[in-house]
Amino acid sequence: MADILASLRSLMASQSPPLDALLVPSEDYHQSEYVSARDKRREFVSGFTGSAGLALITKNEARLWTDGRYFLQATQQLSDQWKLMRIGEDPPLDVWMSDNLQKEAAIGIDPWCVSVDTAQRWERAFAKKNQKLVQTSTNLVDEIWKNRPPAEINPAVDHPLEFAGRSVAEKLKALREKLSSEKARGIIITALDEVAWLYNIRGSDVSYSPVVHAFAIVTLNSAFLYVDKRKVSSKVSSSLQANGIEVREYGAVSSDAAMLASNQLDQATGVNFGQNGVCQNDTCDNDLIWVDPASCCYALFSKLDANKVLLQQSPLALAKALKNPVELDGLKNAHIRDGAAVVQYLVWLDKQMQEIYGASGYFLEGEVTSKKIPETMKLTEVSVSDKLEGFRASKEHFRGLSFPTISSVGPNAAIIHYSPQAKTCAELDPNSIYLFDSGAQYLDGTTDITRTVHFGKPSAHEKACYTSVLKGHIALGNARFPNGTNGYSLDILARIPLWRYGLDYRHGTGHGIGSYLNVHEGPHQISFRPQARNVPLQVSMTVTDEPGYYEDGNFGIRLENVLVIKEADTEFNFGDKGYLSFEHITWAPYQIKLIDLSILTPEEIQWLNRYHSKCREILAPYLDKNEMEWLKKATEPVSA
């Protein structure tokens, strides 16, 4: 790590002008949350493997900013050459740099890896002391990364209409109507899931996300896909061409953005203006280029005339989040098969914990009868999560996991985004809580579920914490709220039962989920973070419901279901707004043994019994006799 920092500082000094600081973000050229191995530059320089974080290297310091999900992980992974900066507790990066770097300092960035929003925010902060953002011509990390993984050539594939639910032609027509209404003549689409969704293609360029490294430009008259052409088969090429989409090389997006700015891109394709029916004549006054400031990189924005740019959230973000009926059916079916896999896993794990470790098991609360266990029989966080993947892999339409499985025992469960490694992970412990947060990619939907279990005798404190998390989970899932309500307003519902005890958690409560796309999908979310105010929750959106509680060094608890937003059937309709509610589409039991039933209200007990009854009914066709017997026992009605 010392060599990496020394090499970077040497490169920084050789730049013109010499750099006083270098910023290394987590994101790739598309501002992705999950990136391919060759784009993990921040991980390479810092050793921190979390999905979110920003590294700053100065002449004599190295600091890493990350959020509350990763505080514990970062303290464990960062060497003593790095200082952890806790977002929300320490000064934000732009404030720290403005205050601590000298006047007229030069701060280097690769403009391809920084969004317009972020770059402009930094520039405003630096202006106070005449500090300047310097766009480096190459990525300095790439220059010193000797064994950087090569770019993989993975094929792009068509995503059939039976799963997509809307044709490319329909999506392009709606997008062009939106462009026209906003006086825009073109849009640069940079988010990988938006490109995949718009053109009904999928790929495997990024682990866990079925996307292709590609950009798109759509004008009122033409459409382009910028991708390594070796990834595009003649079949995919034909279906793209049938929809009027021209395939160009990935790197051509830079020069084409400049051509778009000078209004030469359409002319270069020889397209007749107005053929799509949006503009009926040559006198359209659409003169703006639309880019999403949160996902468009600064490099492409710099090619445009800033006075003729519409900086606004991509219209595809909301269009993609509002699932069509085919996508909703697919998501529901995928979650049923996924729930069956989770139940099969719990049945298997329960048996293993009893037979190998002498645990009392999923249902009984007893002391563990200690056994001497041969090394070959021991269960680890990784070996059991591999077993869970195996149950999922046996299901129809399975295409892989939707994120690295969080399989965590005892203290590791307190690390919110813990990622177990085969060589260092913990052995399962019947005396400790076990938390698993996992999901899969199926052709008809993406899944994400968390359950927390104990195979021995949980303490009264663990039960009280689990029950408080469950109460918050039920409260949010049962919410009814008027149209126009955003996720910021609902986040508190999941926290109130925890706040009663002076407990809380440092992550948001819910995120959207893709339709065989990214497991984390915006633009809406349920969170205490200000951006959760930006988009109201709407019918046919998906969102997770995942409160938790984490006690460093002891245990962690999280419960997560995916919900679909639907119209609510309310007695009244104050303000003629219309009211909304949630429908659970995740099916797996909550562990009764971990619940202190005396803390639940009669309504909560009724909800729990009703949910468990539906689990039995919905999962029955997917389970064998033994698994079904286990599920019946796990979902027996309870009373206070």
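Since we're looking at a predicted model, the values are computed, not measured. (Residues numbered from 1 in each chain as written. Predicted model: local features only at pLDDT ≥ 70, side-chain atom pairs only at ≥ 80, totals over all residues. Heavy atoms only, no water.)

S.K.: Got a sec to walk through the overall build of the protein? Specific residues and values, please.
M.R.: Secondary structure summary: the protein contains 20 helices and 28 strands in total. For 640 residues, the compact-globule formula gives about 26 Å, and the C-alpha radius of gyration of the protein, at 26 Å, lands near that figure. The long-range share in the protein, meaning contacts at least 24 apart out of those at least 6 apart in sequence, stands at 70%. Surface summary for the protein: the accessible area is close to 25900 Å², and the carbon and sulfur share equals 49%. Counting 66 positive and 78 negative side-chain charges, the protein places the averaged centre of each group 1 Å from the other. (Helix = DSSP H or I, 4+ residues; strand = E, 2+ residues; numbered from the N terminus. Rg over C-alpha atoms; globule rule 2.2 N^0.38 Å. Contact = heavy atoms within 4.5 Å. Areas by Shrake-Rupley, 256 points an atom, 1.4 Å probe, with all protein chains shown as cover. Lys, Arg positive; Asp, Glu negative; His and termini not counted. Charge placed at Lys NZ, Arg CZ, Asp CG, Glu CD.)

S.K.: Residue-level account of the pairing of strand β27 (residues 561-567), with values.
M.R.: For β27, the buried fraction is high: five of the seven residues fall into the buried class. When strand β24 (residues 542-545) meets β27, the two strands line up antiparallel, connected through four bridges. The residue of β27 that forms the bridge with T542 is V564. The pairing of β27 with strand β28 (residues 579-584) spans five bridges and is antiparallel. Within β28, the position partnered with V564 by the bridge is E583. (Buried < 20%, exposed > 50% of the residue type's maximum accessible area, 1.4 Å probe, protein only. Pairing = 2+ DSSP bridges.)

S.K.: Can you break down the sheet that holds β27 residue by residue, with the values?
M.R.: With antiparallel pairing, four strands are arranged side by side in an open sheet as β21-β28-β27-β24. Looking at strand neighbours, the two that pair on one side only are β21 (480-482) and β24, the edges of this open sheet. Sheet twist, expressed as the average angle between the axes of neighbouring strands with direction ignored, equals 40 degrees. (Axes fitted to C-alpha atoms, helices over the stretch in contact; angles between N-to-C directions.)

S.K.: Would you mind going over the packing of helix α15 (residues 325-357) against helix α16 (residues 381-393) in detail, with residue names and values included?
M.R.: Contact geometry of α15 with α16 gives a least axis separation of 8 Å together with a crossing angle of 140 degrees. By the angle between their axes, α15 is oblique relative to α16. Considering the relative orientation of α15 and α16, their crossing is right-handed. Here α15 contributes D338, A341, V342, Q344, Y345, W348 and L349 to the contact with α16, which in turn contributes V384, S385, K387, L388, F391 and R392. (Parallel < 35°, antiparallel > 145°, perpendicular 65-115°, else oblique. Left-handed = near helix turned anticlockwise from the far one by under 90°.)

S.K.: I'd love a proper account of the UniProt feature "domain: Peptidase M24 C-terminal" (unreviewed entry) in the protein, names of residues and values included.
M.R.: Per the UniProt annotation, the sites labelled "domain: Peptidase M24 C-terminal" (unreviewed entry) are residues 578-638. Within the segment residues 578-638, helix and strand shares are 46% and 10% respectively, and the terminal C-alpha atoms sit 35 Å apart. (UniProt positions renumbered as here; feature names shortened; annotations may be inferred.)

S.K.: Which residues make up the nonpolar core, and what values go with them?
M.R.: By size, the foremost hydrophobic cluster in this structure holds 76 residues, and its most contacted members are Y345, L349, L379 and F582. Sorting elements by how many residues they give to this core places α15 first, with 13 residues. Filtering out sequence-adjacent residues up to four positions away, F582 remains in contact with L476, G477, A479, F481, L490, I526, L537, V543, L563, V564, I565 and K566. Core analysis: the second largest hydrophobic core is formed by 43 residues, L172, A184, L198 and V212 among them. (Core = buried A, V, L, I, M, F, W, Y, C linked by side-chain atoms within 4.5 Å.)

S.K.: I'd like a rundown of the domain arrangement of the protein, residues and numbers included.
M.R.: What the domain assignment reports for the protein is domain 1 (4-144), domain 2 (157-267 + 285-319) and domain 3 (325-365 + 377-634). The gap between the C-alpha centroids of domain 2 and domain 3 is 35 Å. Taken together, the two surfaces of domain 2 and domain 3 that pack against each other cover about 1500 Å², and 63% of this comes from carbon and sulfur. Seen at the junction of domain 2 and domain 3, the total is three residue pairs in polar contact (both at pLDDT 80 or more). Taken together, the elements giving at least two residues each to the side of domain 2 that touches domain 3 come down to α7 (161-164), α9 (192-199) and α14 (315-321). Looking at the side of domain 2 that touches domain 3 element by element, the count peaks at four residues for α7. Across the side of domain 2 that touches domain 3, the residue classes break down as ten nonpolar, four polar and three charged. (Domains from an automatic or database assignment. Buried area = accessible area lost by both parts, 1.4 Å probe. Polar contact = N/O pair within 3.5 Å; in protein donor to acceptor, adjacent residues only side chain to side chain. Nonpolar A, V, L, I, M, F, W, Y, C, P; charged D, E, K, R; others polar.)

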